[in-house]
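# Inside the fold
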Amino acid sequence: MDNFDLVIIGAGSSGAYLAKRMAKLGHSVLVIEKLPKTKVGTKYDIFHIEEKEFARLDIPRPVKGDPEWAFEFSKNYNADPLTLYPKCQINPIVGLHMHEYTLLLDRLAEEAGAKILYSCEFLDFLYNGNGRICGVKTKYRGKEKKIGARVVADCSGMAAAGRTKLPADYGIETGALTDEDMFYVILKYVKLLDPKDFLEGSTFWAYYKSWIAPCADPEGAIIGLGACHSFEYAERIFAEMEKTVPLPPYTLDHIEKGRTPYTRHPHSMVADNFIVSGDAGNLTKSVNGEGVTSSMVQLMIVEKTLDRALKLNRTDRDYLWEINVRYNETQGAEFAFLRAVLVGVVNAADFGEFQYAFESNIISDELLNGLAGGEISGNAVIGAAGAFIKGMLNKKIRLSTVKAAAAAVRNGIALSGLYTAFPKTPEGFGEWCKAVNEIYDRIGKIK
Ligand SMILES: Cc1cc2nc3c(=O)[nH]c(=O)nc-3n(C[C@H](O)[C@H](O)[C@H](O)COP(=O)(O)OP(=O)(O)OC[C@H]3O[C@@H](n4cnc5c(N)ncnc54)[C@H](O)[C@@H]3O)c2cc1C
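Within each chain, residues carry numbers counting from 1 in the order of the written sequence. Local features in a predicted model are, by the rule used here, given only for residues with pLDDT of at least 70; side-chain atom pairs are given and counted only at 80 or more, and totals for whole chains, interfaces and linings are based on all residues. Side-chain metrics rest on all non-hydrogen atoms present in the structure, leaving aside hydrogens and water.

## Description of the state of the cysteines
Using the following cut-off: Cysteine sulfurs are considered disulfide-paired once they come within 2.5 Å of each other.
Inspection of every chain in the model, using the stated rule, returns zero disulfides. This cysteine, Cys88, is not joined by any disulfide, and Cys215 carries the nearest cysteine sulfur, 20 Å off.

## A word on helix α10 (residues 399–420)
The condition that has to hold: Put simply, DSSP marks the helices as runs of H or I at least four residues long and the strands as runs of E at least two long, and each gets a number from the N terminus on. Working rule for helices: expected span equals 1.5 Å times residues minus one. For each residue, the accessible area found with a 1.4 Å probe, counting protein chains only, is set against the maximum for its type, and the residue is called buried under 20%, exposed over 50%, and partly exposed in between. Residue contacts are counted whenever heavy atoms from the two residues lie within 4.5 Å of one another.
The end-to-end C-alpha separation of α10 is 32 Å, in line with the 32 Å expected for 22 residues at 1.5 Å each. What α10 keeps buried is the set Thr401, Val402, Ala405, Ala408, Asn411, Gly412, Leu415, Ser416 and Tyr419. On the buried face of α10, the contacting elements are α6 (317–348), α7 (351–359), α9 (378–393) and α11 (429–443).

## Quick look at the site of the ligand
Keep this limit in mind: It suffices for a single heavy atom of a residue to lie within 4 Å of a molecule or strand for the residue to be listed as near it. Distance and chemistry together define a polar contact, namely a pair of N or O atoms within 3.5 Å, with one atom able to donate a hydrogen and the other to accept it when in protein, and with adjacent residues in sequence counting only for side-chain atoms on both sides. Note on areas: Shrake-Rupley with a 1.4 Å probe; residue coverage comes only from the protein chains shown. Here the nonpolar group is Ala, Val, Leu, Ile, Met, Phe, Trp, Tyr, Cys and Pro; Asp, Glu, Lys and Arg are the charged ones; every other residue, Gly included, is treated as polar. All domain edges in this entry derive from an automatic or database-based domain assignment.
By nearness alone, 33 residues border the ligand, and Glu33, Tyr44, His48, Phe122 and Asp279 come closest of all. Contact between the ligand and Asp279: an oxygen atom at 2.7 Å from a side-chain N or O atom of the residue. The contact in question runs from an oxygen atom of the ligand to an N or O atom on the side chain of Glu290, over 3.3 Å. Coverage of the ligand by the protein amounts to 93% of the 1000 Å² it exposes when considered alone. Going through the elements one at a time, α1 (13–24), β3 (46–50), β7 (120–127), β10 (182–192) and β14 (250–261) are the ones with two or more residues in the shell around the ligand. Tallied by class, residues from the shell around the ligand come to 13 nonpolar, 13 polar and seven charged. Counting the residues that make up the shell around the ligand, at least three belong to each of domain 1 (2–61 + 98–177 + 264–315) and domain 2 (180–261).

## Describing α6
What sets the pattern is the α-helix's 3.6 residues per turn: residues three or four places apart point alike. The following threshold applies: One axis is fitted to the seven residues ending at the residue and one to the seven starting there. The bend at that residue is the angle between these axes.
Its 32 residues give α6 an end-to-end C-alpha distance of only 40 Å, which falls more than 12% under 46 Å, the value for a rise of 1.5 Å per residue. Along its length, α6 reaches its greatest deviation from straightness, about 55°, at Asn328.

## Focus on empty space enclosed by the protein
Rules: Of the two site types, the cavity is a set of points on a 1 Å grid over the protein atoms alone where a 1.4 Å probe fits but cannot get out, and the pocket is an open set with protein on both sides within 12 Å along at least five of seven lines, each lined by residues with an atom within 4 Å of a point. Grid points are joined across faces, edges and corners, and a volume is the space filled by probe spheres set on the points.
Applying the stated criterion across every chain yields a total of two cavities of 30 Å³ or more. Computed from the structure, the largest cavity encloses a volume of approximately 60 Å³. Lining the largest cavity we find 13 residues, and of these Arg264, His265, Phe335, Ala336 and Arg339 sit closest to its centre. Per element, the largest residue contribution to the lining of the largest cavity is five residues, and it comes from α6. The residue makeup of the lining of the largest cavity includes at least three contributed by each of domain 1 (2–61 + 98–177 + 264–315) and domain 3 (336–443). Counted as a void, the second largest cavity has a volume near 40 Å³. Forming the boundary of the second largest cavity are Ala16, Tyr17, Lys20, Asp58, Ile59, Pro60, Leu105 and Leu108. Only α1 and α3 (98–111) provide two or more residues apiece to the lining of the second largest cavity.

## Section: the packing of aromatic side chains
The following threshold applies: Note on aromatic contacts: the rings of Phe and Tyr and the six-membered ring of Trp form a pair at centre separations within 6.5 Å, being stacked when their planes are under 30 degrees apart, edge-to-face when over 60 apart, and tilted otherwise.
Here the structure, examined in full by the defined rule, presents 17 aromatic pairs. Judged by centre distance (5.2 Å) and plane angle (90°), the rings of Tyr419 and Trp432 are edge-to-face. Residue Tyr419 is found in helix α10, and its partner Trp432 is found in helix α11; the two are separated by 13 residues along the sequence. The class of Tyr419 is buried, set by a relative accessible area of 1%. Looking at Trp432, the relative accessible area reads 5%, which means it is buried.

## Things to note about the pattern of salt bridges
Put simply, the rule is: Every case where a carboxyl oxygen of Asp or Glu lies within 4 Å of a side-chain nitrogen of Lys or Arg is listed as a salt bridge.
Applying the stated criterion to the full structure yields 23 salt bridges. As a salt-bridge pair, Lys145 and Asp2 come within 3.8 Å of each other at their nearest N and O atoms. Of the two residues, Lys145 sits in strand β9 (residues 143–154) while Asp2 sits in strand β1 (residues 2–9), which places them 143 residues apart along the sequence. For Asp2, a relative accessible area of 43% translates into the label partly exposed. Between Lys191 and Asp217 there is a salt bridge; the shortest N-O distance is 2.8 Å. Of this pair, Lys191 sits in strand β10 while Asp217 sits in the loop between β12 (210–213) and β13 (220–227), and the two are 26 residues apart along the sequence. On the accessibility criterion, Lys191 (34% relative accessible area) is partly exposed. Classification of Asp217 as partly exposed rests on a relative accessible area of 27%. Connected via shared salt-bridge partners are Glu50, Lys52 and Lys285.

## A few points about the domain arrangement of the protein chain
Counted only if it meets this: Buried surface area refers to the total accessible area, computed with a probe of radius 1.4 Å, that the two partners give up upon joining, counted for both partners together.
For the protein chain, the assigned domains are domain 1 (2–61 + 98–177 + 264–315), domain 2 (180–261) and domain 3 (336–443). Spacing between the C-alpha centres of domain 2 and domain 3 amounts to 26 Å. Each partner contributes residues to the interface: domain 2 has five residues there, and domain 3 has five residues. When domain 2 packs against domain 3, the two sides together hide about 390 Å² of surface, and 79% of this comes from carbon and sulfur.

## Re the layout of surface pockets
Looking at the second largest pocket, its volume works out to about 370 Å³. In terms of lining residues, the second largest pocket is bounded by 19 residues, among which Asp181, Thr263, Arg264, Asn282 and Lys445 are the most central. Listed by contribution, the elements that provide at least two residues to the lining of the second largest pocket are α6 and α11. Its residues assigned to classes, the lining of the second largest pocket comprises eight nonpolar, five polar and six charged. Here the lining of the second largest pocket spans two domains, and each of domain 1 (2–61 + 98–177 + 264–315) and domain 3 (336–443) adds at least three residues to it.

## Here's the deal with the packing of α10 against α11
Rule in force here: Here an axis means a line fitted to C-alpha atoms, over the contact stretch when the element is a helix, while the angle between two N-to-C directions is reported on a 0 to 180 degree scale. Any angle that falls under 35 degrees is termed roughly parallel, while one over 145 is termed roughly antiparallel, one within 65 to 115 roughly perpendicular, and all others oblique. If you view the pair so one helix is near and one far, a crossing is left-handed when the near helix is turned anticlockwise from the far one by less than a right angle, and right-handed when it is turned clockwise.
With their axes 10 Å apart at the nearest point, α10 and α11 run at an angle of 160° to one another. It follows that α10 is roughly antiparallel to α11 by the angle criterion. The way α10 lies across α11 gives a crossing that is left-handed. On α11, the residues that touch Asn411, Ala414, Leu415, Leu418 and Tyr419 of α10 are Trp432, Ala435, Val436, Ile439, Tyr440, Arg442 and Ile443.

Here you go:
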């Protein structure tokens, strides 16, 4: 039986990223991928990475002419349902082809020394006499193949093939995602009929969780929408959206459909000799369900702890716990706050209130740029607060929405505080879960 320091399930962006970083540090790494190489990263075509993320995460930045590159743009509009008062945020974005970029990340992992076994499906874990993971059972070329591993990382995407196979008492949540824990995303690739409508940037309609954005064809666009429950439900919202949003005239080229997690990450992302990341750990952004770079943020934390753990031969849950602590006090707390606020506000506010928020500048260019990491002046905050109060007095905003928004912010602050103060050791974890779960029960799921 072959043995590796680290076996990673899945050669998508998360698995390839971790493989490269750990192999570069001198650890023996094997990635098992159930798809053949020709099929990896083909679940849909175009995805986006913010320009600033390439340097921060140390990932290659394709340029025009490269097979991975599709387009880039800087203007990101957020609009009211009628698109009368769009707000502009400047944030350079690069559009990439998922298949080509995944292959590039896979190649970099191999160049760093990792091995990738395509068409090799994870079936189950191997356990040692103490009941701890010590490898994986796979299906490779029609035969069962066993591979030894000191640590297994589940980067198998939404299926969470590893995490959901673990015994319920292994120290990590093993439940699969429900229809309420994910966005069903519909992407319509269209050809725009009027050259004056060719896109310079994207527009997002938060009310519908819908957008129009460039695609590889400069005369085309992707009109997308994400909704919980089912693709049928997403189609219904799409039809509703098209009744109010003045989309430019287009002809449909083709449709892609996909799903992305939209729920909290497991309370613990580590167990004995085990780590979960990527979509398998629901590490997508609370704002839009995107997960390529947010997973890499967690994997940079994983890399540091796992490197030491392997060197010290301490790959037990207690030692790997630091990954939970360091993730939760940073991105974990930030995502938890945003999710609480977004779910609360989006579920409460109606069509008219969304319209008013854009018309009255409660949602302003400056506020959006500030949320993206820029400065927000005191005047902008006072202006937004004034417009909010005026809206209440003029009955443009209902009292019930004000109460829901206030509760959402309270829940967000409480959650963020709990994540920041995540227990430094597994002791106290049970109490922490209880406190956090109570807040999540209050928040509920996004409608
Ligand atoms: C329509 C749509 C648009 C999106 N747009 C963006 C975007 O613009 N930007 C962004 O950041 N995110 C976007 N996302 C989210 C993003 O695609 C995911 O967060 C990201 O791809 C997750 O990467 P991953 O490596 O964790 O999982 P995956 O990419 O799903 O990779 C998991 C791999 O594991 C393999 N695997 C599964 N089971 C097994 C098994 N049993 N054995 C072996 N291998 C297995 C799979 O074949 C797969 O190759 C979008 C999602 C959708 C649906």
